[in-house]
Amino acid sequence: MIRLLREELGCSQSDLAQRLGVQQSAVSKLENDPESITLGKLANVVIALGGEWKIVLKFPTTEEIELSSSDDLSNV
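On a predicted model such as this, the values are computed, not experimentally measured, just so you know.

Chemist: Explain the packing of helix α2 (residues 13-20) against helix α4 (residues 39-48) here, please?
Modeler: Each packed pair of helices is defined by two parameters, the angle between the axes and the distance between the axes. Interaxial distance between α2 and α4 falls to 10 Å at its minimum, and their mutual angle equals 110°. Judged on the interaxial angle alone, α4 and α2 are roughly perpendicular. Contacts between α2 and α4 involve L16, R19 and L20 from the first element and N44, V45 and A48 from the second. Per-class residue counts for the contact of α2 with α4 are 4 nonpolar, 1 polar and 1 charged.

Chemist: Just checking my understanding: could you explain the pattern of salt bridges for this structure?
Modeler: In a structure, side chains of opposite charge can pair up when their charged atoms sit close to one another. Summed over the entire model, instances satisfying the criterion amount to 5 salt bridges. Ionic pairing is found between R3 and E31, a salt bridge with its closest N-O pair at 3.4 Å. With R3 in helix α1 (residues 2-8) and E31 in helix α3 (residues 24-32), this residue pair connects regions lying 28 residues apart in the sequence. R3 gets classed as partly exposed once you look at its relative accessible area, which sits at 32%. The residue E64 makes a salt bridge to K58 at a minimum N-O spacing of 3.5 Å. The burial state of E64 is the same as that of K58; both residues are exposed. When salt bridges that share partners are traced, they join R3, R6, E7 and E31 into one network.

What counts and how
- Going along each chain's sequence as written, the residues are numbered from 1 onward.
- Local features in this predicted model are restricted to residues of pLDDT 70 or higher, and side-chain atom pairs are both shown and tallied only at a pLDDT of 80 or more, whereas totals for entire chains, interfaces and linings draw on every residue.
- To obtain the side-chain values, all non-hydrogen atoms of the structure were included, while hydrogens and water were left out.
- Here an angle of 0 to 180 degrees is reported between the N-to-C directions of two axes, which are lines fitted to C-alpha atoms, with helices fitted over the stretch in contact.
- Working definition: helices are DSSP H or I runs of at least four residues, strands are E runs of at least two. Numbering for both runs from the N terminus.
- Throughout this description, any angle smaller than 35 degrees is read as roughly parallel, any larger than 145 degrees as roughly antiparallel, any in the 65 to 115 degree range as roughly perpendicular, and the remainder as oblique.
- Pairs of residues are marked as contacts when any of their non-hydrogen atoms sit within 4.5 Å.
- Here the term charged refers only to Asp, Glu, Lys and Arg, the term nonpolar to Ala, Val, Leu, Ile, Met, Phe, Trp, Tyr, Cys and Pro, and the term polar to all other amino acids, Gly among them.
- Throughout this description, the term salt bridge denotes a Lys or Arg side-chain nitrogen within 4 Å of a carboxyl oxygen of Asp or Glu.
- Each residue is assigned to one of three classes by its accessible area relative to the maximum for its type, calculated with a 1.4 Å probe on protein chains only: buried under 20%, partly exposed between the two thresholds, exposed over 50%.

As structure tokens, then:
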């Protein structure tokens, strides 16, 4: 998924790595090992690619909880 988004946006692994402040090998790992991706890492990639994100959590007994690009996910 990350590779497809990155390529569609015309961004190389090196470019994305620079935007994220990581080595190119870290981007390669995210692309080749999807199980290693955390919500926080995915959010950072989306923002680095110029996008925004929004997640809505729904539970049967509570109101919806909405998380978005403006929220701090440093602990996620």
